[in-house]
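Spelled out from the first residue to the last, the chains are:
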Amino acid sequence: MTFQRARTDEQREARRRQILQTAWEMLTEMPVAKLSLNELSRRAGLAKPNVVRYFESREAILLELLNAELADWVDGLQAAPLPQGTARERGDALAAALAASIAARPVLCDLASAQAAVLERNISTDVALRHKYAANAAAGDLAALVRRALPELAAEDAYDVVVVTLIHASALWPHSQPSEAVRAAYAADPSLAGFKLDFTQALGHTIELAISGLIARRAEG
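Residues numbered from 1 in each chain as written. Predicted model: local features only at pLDDT ≥ 70, side-chain atom pairs only at ≥ 80, totals over all residues. Heavy atoms only, no water.

(A) Molecular detail of the side chain of Thr 22. Within the fold, Thr 22 resides in helix H1 (residues 9-27). Take Thr 22: its relative accessible area is 10%, and that puts it in the buried class. (Helix = DSSP H or I, 4+ residues; strand = E, 2+ residues; numbered from the N terminus. Buried < 20%, exposed > 50% of the residue type's maximum accessible area, 1.4 Å probe, protein only.)

(B) Structural view of the pattern of salt bridges. Taken as a whole and judged by the stated rule, the model has 14 salt bridges. A salt bridge links Arg 17 to Glu 13; its shortest N-O distance comes to 3.9 Å. Residue Arg 17 and its partner Glu 13 are both found in helix H1; the two are separated by 4 residues, about one turn of the helix. The exposure class of Arg 17 is partly exposed, given its relative accessible area of 49%. With a relative accessible area of 36%, Glu 13 lands in the partly exposed category. When salt bridges that share partners are traced, they join Glu 13, Arg 16, Arg 17 and Glu 64 into one network. (Salt bridge = Lys/Arg side-chain N within 4 Å of Asp/Glu carboxyl O.)

(C) Structural view of the nonpolar core. Counting residues in each nonpolar core, the largest one holds 60 residues, and the members touching the most others are Ile 61, Trp 73 and Leu 111. Of all the secondary-structure elements, those providing two or more residues to this core are H1, helix H2 (37-44), helix H4 (58-79), helix H5 (87-103), helix H6 (106-119), helix H7 (125-149), helix H8 (155-175) and helix H10 (199-220). Broken down by element, the residue count for this core peaks at 10 residues, all from H4. Those residues within four positions of Trp 73 in sequence are excluded, and the remaining contacts are Leu 98, Ser 101, Ile 102, Arg 105, Leu 108, Leu 142, Thr 165 and Leu 166. (Core = buried A, V, L, I, M, F, W, Y, C linked by side-chain atoms within 4.5 Å. Contact = heavy atoms within 4.5 Å.)

Laid out in structure tokens, this is it:
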């Protein structure tokens, strides 16, 4: 393949999208930990220096993907009908919808689980700012959705629901993806079955409890 330098803004944007799309496709095949800049460059048909011309590091690429995945997830939630019923029923339905919708996005879950410990460690201040601005916008949109579903909650309560959802999703995901050795251990000894984690069920229950507690506290004044 003969490399051709992108010379216009449109060509440069197309090259960025090419890199991001290649990275996303790789994440459907492998976890974040196994995605290397060398392999990404090879699959994108670019030399490594040409990839870092557009993104300063592997982590910067993955944070950009995380931003896009978060925004797309929230957009999907906003398009869904609001739950109906009592506050308890609406809270439970919202918790289930949040858990099921994020579980359906394994790339988002894997990126979120690596965000603080890995992806935010090898980046510049400019990349960090862009990421945090994007994350803040997604969190704000999600908090607004929570308040539409549960007007009983105050703005700060809705934001707490968002925090519980995202933090627990990122923490629970690695535990729901055991290694081959751990899966073999579960199979070898059924008494260890209690360690198996159903991500959607565990996350949904956690969000459900948080919403119920927030509604109760708000009702108490």
